Amino acid sequence: MDHKAALLQHYTSFDGFYFQYFANHKVLQNGEWQVHCPFHEDKNPSMSVSPQTGLFKCHGCNAQGDFIKFYMMKTGKSFQETIVSMCEDAGIKAVATKQEQRSIEKVYDYLDASGKIVSQTIRFTPKGFSQRVPNGNGWNWSLKGVRTVIYNLPDVIKANQVLVLEGEKDCDTAKTLGYVATTCPMGAGKWHDDYSNYLHGKEVVLIPDNDGPGIKHMMDIGSKLKDLSNVKWFQFPDDLKMHKGFDFTDFVKSYDNEFDCMKIMDELIRAARSFDPAKITIPEPDTEESERIKSWIMLSPGEFSIRDLDYELNFKAPEQKTYRTKILEKFVAEKILSREGKKRGYYRPYKSDLERMDFKSADDRFLDVWLPFKLHDLVGLLPGNIVIVAGEPNAGKTALLLNLIKANRNKFDVHYFNSEMGSGELKTRLNKFDDFPSSDWGFNAYRRDTDFEDVIFKGPKSLNIIDFLEVHDNFYLIGDKIKKIHEALEGGIAVIAVQRNKGADFGLGGQRTMEKARLVINISPGTMQITKAKNFVNPSINPNWMKVNFKLVNGCRFAMQGGGWYREEA
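If you're wondering where the values come from, they're calculated on a predicted model, not measured in any experiment. (Residues numbered from 1 in each chain as written. Predicted model: local features only at pLDDT ≥ 70, side-chain atom pairs only at ≥ 80, totals over all residues. Heavy atoms only, no water.)

A. Region of interest: the overall build of the protein chain. The helix and strand inventory of the protein chain stands at 16 helices and 26 strands. For 570 residues, the compact-globule formula gives about 25 Å, and the C-alpha radius of gyration of the protein chain, at 34 Å, lies well above that figure. The C-alpha extent of the protein chain, read off along each of the three principal axes, is 100 × 60 × 45 Å. A total of 570 residues make up the protein chain; the buried ones form 46% of that total. Taking as baseline every contact in the protein chain between residues at least 6 positions apart, the subset at least 24 positions apart corresponds to 59%. Total accessible area on the protein chain stands at roughly 30,000 Å², and carbon and sulfur atoms take up 48% of it. Separation between the mean location of the 77 positive side-chain charges and that of the 76 negative ones in the protein chain comes to 2 Å. (Helix = DSSP H or I, 4+ residues; strand = E, 2+ residues; numbered from the N terminus. Rg over C-alpha atoms; globule rule 2.2 N^0.38 Å. Buried < 20%, exposed > 50% of the residue type's maximum accessible area, 1.4 Å probe, protein only. Contact = heavy atoms within 4.5 Å. Areas by Shrake-Rupley, 256 points an atom, 1.4 Å probe, with all protein chains shown as cover. Lys, Arg positive; Asp, Glu negative; His and termini not counted. Charge placed at Lys NZ, Arg CZ, Asp CG, Glu CD.)

Written out as structure tokens, the structure reads:
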């Protein structure tokens with residue numbers, strides 16, 4: 001007989017099972033119970049429970065299923081863990097027989113103060129747990145009638161600081177780092193009041209698993225200890241990518257070596273705040289509706305509004321929208337979503353992926369890019385850099401870009417994106433270079449005025465020239481457009497022309513145009529100025545705010561006026 005069949009045979013009626021959750025209930029004429037749904041904020045009872053069949057259904061959030069599904073949703077356990085736990089609670093002996101047939105992976109001893117075995121937790125393969133106690137001739141696979149103790153009790157008694165974790169494996173992991181850690185038999189929700197006495201007067205650091213039951217378990221322990229001990233709440237780092245159920249052992253494994261982990265652990269324990277239930281968020285358990293919303297989010301990556309969500313998933317009723325908001329806030333607490341800025345009702349997927357920088361073996365040599373008036377002797381460019389050319393109307397932006405093409409065409413694969421000229425006009429502009437035959441113009445030209453990040457050419461041999469980046473309103477968005485181009489380069493170079501009003505210090509979009517750029521050049525009629533330079537060729541010469549005067553000849557040739565680059569006296 002399998003475990004589920006044993007449970008179904010055990011329960012001839014489900015009054016006792018559901019009474020432990022709904023002591024206060026209303027019995028309807030058909031014999032069903034009307035109760036407050038525990039899976040959403042239910043002010044008016046909207047769940048019906050059948051003590052005859054064990055089925056339940058909420059008419060508010062649509063949670064439904066049998067008594068096994070109910071237990072899974074309440075505890076957050078998997079189906080297999082639920083079956084095992086429910087059989088143990090019901091005292092079904094078939095569980096022990098089944099568990100003994102599995103292979104034992106690990107045995108955890110629970111010792112009393114003198115070091116004598118009180119009980120053992122057995123970890124099986126495939127994954128499962130059970131408890132047993134010695135009986136003189138072997139083992140009894142039940143803790144019924146046994147006065148149990150917490151894990152590592154002899155070490156706990158001697159320690160001033162104790163970590164409280166959810167499982168024995170985590171406690172053993174903590175021991176390898178030099179910490180004293182404890183837990184209780186059978187895991188979450190099983191902390192007895194008398195366990196608290198062992199921690200009286202100690203500094204206790206609560207470290208929950210990353211799920212609802214784990215957080216509730218630690219909050220329950222904290223509530224029982226707060227008047228006996230100095231209780232602190234441990235917070236995993238915000239930039240850590242954590243799946244549901246992420247535990248202390250997962251945290252330790254996320255570091256390349258033990259020393260780094262110990263250093264971070266010490267810092268986090270020192271930073272742990274005093275236990276305050278009001279500042280702790282408990283995520284709601286996953287439901288069919290939350291999985292539906294999560295699937296929609298994953299299929300539609302990027303920023304979204306609740307209006308988009310409601311329309312796509314047909315959420316119309318007020319109770320549906322209330323429940324939707326609770327699910328989204330649950331995802332925020334679980335670091336699946338982040339609220340998008342200060343805009344109410346906007347979210348985006350939480351991004352915690354990190355790209356490690358290999359700076360030790362990185363190539364820091366400047367690329368051989370020609371820049372006008374020997375600017376390349378002052379400012380260097382590296383793979384992935386952006387150059388902004390902010391020009392006043394008719395100041396020579398396009399002429400400068402065509403000179404860049406001419407000088408760099410044999411060293412780079414040049415790709416010129418133009419938003420204004422047709423092919424004939426471009427040919428006319430190129431023919432103005434009378435010292436340069438048209439057959440030598442070896443570059444690629446494209447008509448493009450938007451979404452450049454989709455077509456950018458990647459790699460250190462690619463020189464992308466954008467003439468120009470058009471923004472007709474909402475000029476603050478230009479910074480985001482440049483950011484997307486920067487992310488698409490993957491080692492390529494981009495020179496981006498933007499419009500600049502006469503006399504303005506920055507191009508349209510203000511300082512946002514300068515955020516990703518490593519070089520920014522302002523062009524006014526007859527004057528070129530460096531307004532941002534990050535990579536100095538000669539560390540002793542800062543080229544920022546240096547100028548050069550020029551005359552534009554025949555609309556294509558830049559003739560220097562004066563002695564070259566200079567800095568105006570203040």
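Let us keep going from here.
B. Representation of the pairing of strand 21 (residues 462-467) within the structure. Most of strand 21 sits out of view: six of its six residues are buried. Neither face of strand 21 is open: one carries S462, N464 and I466, the other L463, I465 and D467, and all of them are buried. Taken together, the six bridges between strand 19 (residues 413-418) and strand 21 define a ladder with parallel strand orientation. Pairing of Y416 across the sheet is with I465, part of strand 21. Judged from the four bridges that link them, strand 21 and strand 22 (residues 493-499) form a sheet pairing that is parallel. Note on strand 22: the bridge partner recorded for I465 is V495. (Pairing = 2+ DSSP bridges.)

C. Structural view of the sheet that holds strand 1 (residues 26-27). Pairing is antiparallel in the open sheet, where five strands are placed in the order 1-2-3-4-5. Here the strands that pair on one side only, and so sit at the sheet edges, are strand 1 and strand 5 (64-65). Across three bridges, the pairing between strand 2 (residues 33-35) and strand 3 (residues 47-49) is antiparallel. Residue pairing for strand 3: Q34 is matched across the bridge by S48. Here helix 3 (residues 67-75) sits on the sheet and contacts strand 3, strand 4 (56-58) and strand 5; the angle it forms with strand 4, its principal contact strand, is near 55°. (Axes fitted to C-alpha atoms, helices over the stretch in contact; angles between N-to-C directions.)

D. The pattern of salt bridges, seen in detail. Inspection of every chain in the model, using the stated rule, returns 18 salt bridges. The shortest N-O distance in the salt bridge between K294 and E291 comes to 3.9 Å. Linking K294 with E291, this pair stays in helix 11 (residues 288-299), spanning three residues, or about one helical turn. Owing to a relative accessible area of 35%, E291 belongs among the partly exposed residues under this scheme. Residues joined in a network through salt bridges with shared partners are D193, D220 and K224. (Salt bridge = Lys/Arg side-chain N within 4 Å of Asp/Glu carboxyl O.)

E. Highlighting the sheet that holds strand 26 (residues 557-566). Read from one edge to the other, the open sheet built from nine strands follows the order 20-19-21-22-18-23-24-25-26, with strand pairing classed as mixed. The outermost strands of the open sheet, each flanked by one partner alone, are strand 20 (444-447) and strand 26. Adjacent strand axes in the sheet meet at a mean angle of 20°, parallel and antiparallel pairs treated alike. As paired strands, strand 23 (residues 519-524) and strand 24 (residues 527-533) are joined by six bridges and run antiparallel to one another. Among the inter-strand pairings, I523 is bridged to a residue of strand 24, identified as M528.

F. Fine view of the confidence of the model for the protein chain. Looking at the protein chain, the pLDDT average stands at 88 and 95% of residues meet or exceed 70. Ranking the elements of the protein chain by mean pLDDT puts helix 5 (residues 94-101) last with 47 and strand 10 (residues 161-164) first with 97. A low-confidence stretch, residues 94-100 (pLDDT under 50), is modelled with 15 contacts involving residues beyond four sequence positions or located in other chains. (pLDDT = per-residue confidence, 0-100.)

G. Seen up close, the packing of aromatic side chains. Scanning all chains against the criterion turns up 36 aromatic pairs. Clustering of aromatic rings is evident, with ring pairs tying together F14, F17, Y18, Y21, F22, F39, F56, F67 and F70. Looking at R132, its charged tip hangs above the ring of W139, at a distance of 4.1 Å from the centre. (Phe/Tyr/Trp six-rings, centres within 6.5 Å; stacked < 30°, edge-to-face > 60°. Lys NZ or Arg CZ within 6 Å of the ring centre and 35° of its normal.)

H. The arrangement of the nonpolar core in detail. Of all hydrophobic cores here, the largest spans 47 residues; its most connected members are L163, L206, F248, F251 and M265. At five residues, the largest contribution of residues to this core is made by helix 8 (residues 212-225). Those residues in contact with L206 that lie beyond four places of it in its chain are V164, M218, I221, G222, V231, K232, W233, F234 and F275. (Core = buried A, V, L, I, M, F, W, Y, C linked by side-chain atoms within 4.5 Å.)

I. View of the state of the cysteines. Across all of its chains, the model carries zero disulfides by this definition. Distance from the sulfur of C37, which forms no disulfide, to the nearest cysteine sulfur (C58) is 3.6 Å. Residue classification places C37 among the buried residues on the basis of a relative accessible area of 4%. (Disulfide = S-S within 2.5 Å.)

J. Up close: the side chain of T182. Along the chain, T182 turns up in strand 11 (residues 181-182). Polar side-chain contacts of T182 include one of 2.5 Å to the backbone oxygen of Y151. Look past the residues within four positions of T182 in its chain and what remains in contact with it is I150, Y151, V156, V162, L163, V164, L165 and C171. (Polar contact = N/O pair within 3.5 Å; in protein donor to acceptor, adjacent residues only side chain to side chain.)

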